Amino acid sequence: MNEHNILRVLDHDLTEYYRYSPEALDSQISAVRKRLSDRVLILGHNYQRDEVYKFADYTGDSLKLSQEAVRRNDREFVIFCGVKFMAETADILTSAAQKIILPDLAAGCSMADMADIDHVESAWQELKEILPGTVVTPVTYINSSADLKAFCGEQGGLVCTSTNAEKIIRWAFERREKILFFPDQHLGRNTCKRMGISLDEMILWDPDQKNGGNSAEDIRKARVFLWKGFCSVHQMFKPEHVSYFRTQYPGIRVIVHPECSMEVADKSDLIGSTEYIIRTVSAAPSGSRWAVGTELNLVNRLKRDNPDKEVYFLSPMVCMCSTMFRIDAQHLLWSMEQIEAGAPVNQIIVPETDRSWAKVALERMLALA
Ligand code: 13P
Ligand code: SF4
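Treat the numbers as computed from the prediction; the structure is a model and nothing was measured. (Residues numbered from 1 in each chain as written. Chains lettered and ligands numbered in written order. Predicted model: local features only at pLDDT ≥ 70, side-chain atom pairs only at ≥ 80, totals over all residues. Heavy atoms only, no water.)

> How would you explain the overall build of the protein if you had to name every residue and give the values?
The number of helices and strands found in the protein is 16 helices and 13 strands. Radius of gyration (C-alpha) of the protein: 21 Å, near the 21 Å computed for a compact globule of 369 residues. Judged by the C-alpha coordinates and their principal axes, the protein covers about 65 × 55 × 35 Å. Taken across its 369 residues, the protein has 57% of its residues classed as buried. Here the analysis covers contacts within the protein between residues at least 6 apart in sequence; of these, 68% occur between residues at least 24 apart. Only carbon and sulfur atoms are counted for the fraction: they give 50% of the accessible area of the protein, which is about 15300 Å². Of the charged side chains in the protein, 43 are positive and 51 negative; the average position of the first set lies 5 Å away from that of the second. (Helix = DSSP H or I, 4+ residues; strand = E, 2+ residues; numbered from the N terminus. Rg over C-alpha atoms; globule rule 2.2 N^0.38 Å. Buried < 20%, exposed > 50% of the residue type's maximum accessible area, 1.4 Å probe, protein only. Contact = heavy atoms within 4.5 Å. Areas by Shrake-Rupley, 256 points an atom, 1.4 Å probe, with all protein chains shown as cover. Lys, Arg positive; Asp, Glu negative; His and termini not counted. Charge placed at Lys NZ, Arg CZ, Asp CG, Glu CD.)

The structure is reproduced here in C-alpha cells:
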C-alpha cells in the first residue's frame, strides 16, 4: 500500500453508499461487475459475509485462493475479499501487470500482527547463539506479513497454510533438526502433535522475553519453537463446549479449525482448514449432526446450505472475525466503481525488497502443495 492510496482512503467518505438498500447495492454491484467484465477477478475467503461472498468468482481457504490468483493471470485486477496478508500473497504470486485490491485497508489479521520482523530477527539471532550452524528452519503460517515470508525464503524456510502444515513441517525436518514456527502456536502444536512429536519437544517462544523465556538447555533439547501467537476468534472455543455438545447431542461429530487450542483439537473428531470443514460437512450423510469450531459467517452459511443436517456453532459466544467483516457490499461496490473510473484505490503493493524472497518461500510451499 502506498501513501497516496492511504490518503485517498482516508479522504473518502462512503456515507452515501450506506444509504443504499441491500437490493440497490446488489443491483449496482452486479451492473458494475458486468461492465468490468473480464478485467476483474473477485476472490472471496470462506469467512466473508454473504453479501460479498455471493459475488466472488472463486471462494475458498487461503491455499485455494492463492492458487486461484496464480491461475487467473489474465485479469488486470484481483479484488481480494479477505484480509491483508491474503492480498499481499496474491500480489507476490501474480504478474507485475496485475493489480490487487483490498476493498477496505483496515482488514488485517490480529494473529498476523503478533509476529513482526524485528522480533523474529532477534529470536533468530538468539537461536543462532545457542545453536551454532544451520539447524533451524523458519516456517511461517501464511497468516503473516510479506517481510516474514521473505525472511523465511532467505533463511531456507517456507510458508504453510492450515491445509498443508503437516507436509511443510515434514519437509523442514527432512532438511534440518529444528523448526521455528510463527505466528500461530496452535497450528504449530496441533500439527506437530499429530505428527508424533511429543509436547516436551516443543517450547513456547515469547518474543517479549530474552531467549523467548527459555533456558539455553531447553532450547538445545527442543525440536520445535512455537511463537506465542494465537487467533482471537478461535481461542474462544473451549474444551467444555465440545463436552456440552457431546452430552446434549449424542452421535454428534465435532470438526474444528487447527487454530483452536490443543485442548479443543484433542477432543474433536476432525480438524482442518475452512475448505476442509465445508467439504466434509457438505459431503456428510443426511441427518448427521455437526458442531463446528470456526468463524460464525462460515458456520451460518454451512447451516443454511445443509438443511438436511443439524449444524451447530461450537461456542455460545459470537466468534466473528471482525477484520474479515470489514469487507462489506459498500466497500466492494466502491472499489469496483473506482476501477471503472480509472482511479483504483486500496492497491496492495509488496515492496520489491520483500517480494523476491517471499516468492521463494511461497513457491517452495506451492511446489509441495
Ligand atoms: P484457512 O486457510 O483455513 O481458510 O484459514 C485462514 C484463517 O485465517 C483462519 O482463521
Ligand atoms: Fe486472522 Fe483469526 Fe481472522 Fe483468521 S479468523 S483472519 S487468523 S484474526
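> Let's hear about unusual backbone geometry: which residues, and what values?
The omega torsion of the bond from Phe-182 to Pro-183 falls at -5 degrees, within 30 degrees of zero and hence cis. Summarising the element assignment, Pro-183 is placed in the loop between β7 (178-182) and α9 (185-194). Backbone geometry places Asn-211, a non-glycine residue, at a positive phi of 50 degrees. Relative to the helices and strands, Asn-211 resides in the loop between β8 (202-205) and α10 (216-221). With a relative accessible area of 13%, Asn-211 lands in the buried category. A positive phi angle, close to 55 degrees, is found at Asn-346, a residue other than glycine. For Asn-346, a relative accessible area of 0% translates into the label buried.

> Quick rundown of the nonpolar core? Include the residues and the values.
Ranked by size, the top nonpolar core spans 125 residues in total, and within it Ile-79, Ile-179, Phe-225, Leu-314 and Leu-332 carry the most contacts. Those residues in contact with Phe-225, other than ones at most four positions away along the chain, are Leu-127, Leu-131, Val-136, Lys-178, Ile-179, Leu-180, Phe-181, Ile-203, Trp-205 and Ile-219. (Core = buried A, V, L, I, M, F, W, Y, C linked by side-chain atoms within 4.5 Å.)

> Pulling in residues and values, what's your account of the site of ligand 2?
Ligand 2 sits among Tyr-47, Cys-109, Ser-110, Met-111, Asn-143, Cys-231, Val-233, Glu-259 and Cys-321. Residue composition of the shell around ligand 2, by class: six nonpolar, two polar and one charged. (Near = heavy atom within 4 Å. Nonpolar A, V, L, I, M, F, W, Y, C, P; charged D, E, K, R; others polar.)

> Now, about the packing of helix α6 (residues 117-130) against helix α7 (residues 146-154): what can you tell me, with residues and values included?
It is the contact of α6 with α7, at a shortest axis distance of 9 Å, that shows an interaxial angle of 25 degrees. Taken together, the axes of α6 and α7 are roughly parallel relative to one another. Where α6 approaches α7, its residues Ile-117, Val-120, Glu-121 and Trp-124 are matched on the opposing element by Asp-147, Leu-148 and Phe-151. A breakdown of the residues in the contact of α6 with α7 according to their chemical character gives five nonpolar, no polar and two charged. (Axes fitted to C-alpha atoms, helices over the stretch in contact; angles between N-to-C directions. Parallel < 35°, antiparallel > 145°, perpendicular 65-115°, else oblique.)

> Kindly report on the sheet that holds β8, identifying the contributing residues and their values.
With respect to topology, five strands assemble into an open sheet ordered β6-β5-β7-β9-β8, the strand pairing being parallel. Pairing within the sheet leaves two strands with one partner each, and these edge strands are β6 (158-160) and β8. Strand-to-strand twist in this sheet, taken as the mean axis angle between neighbours without regard to direction, amounts to 25 degrees. The sheet contact formed by β8 and strand β9 (residues 224-227) spans four bridges and is parallel. Among the inter-strand pairings, Leu-204 is bridged to a residue of β9, identified as Leu-226. Sheet contacts for α7: β5 (136-141), β6 and β7; angle to β5, the most-contacted strand, approximately 150 degrees. (Pairing = 2+ DSSP bridges.)

> Explain the side chain of His-241 to me, and be specific about the residues and the numbers.
Relative to the helices and strands, His-241 resides in helix α11 (residues 239-248). When neighbours within four sequence positions are excluded, His-241 is seen to be in contact with Met-236, Leu-314, Ser-315 and Pro-316.

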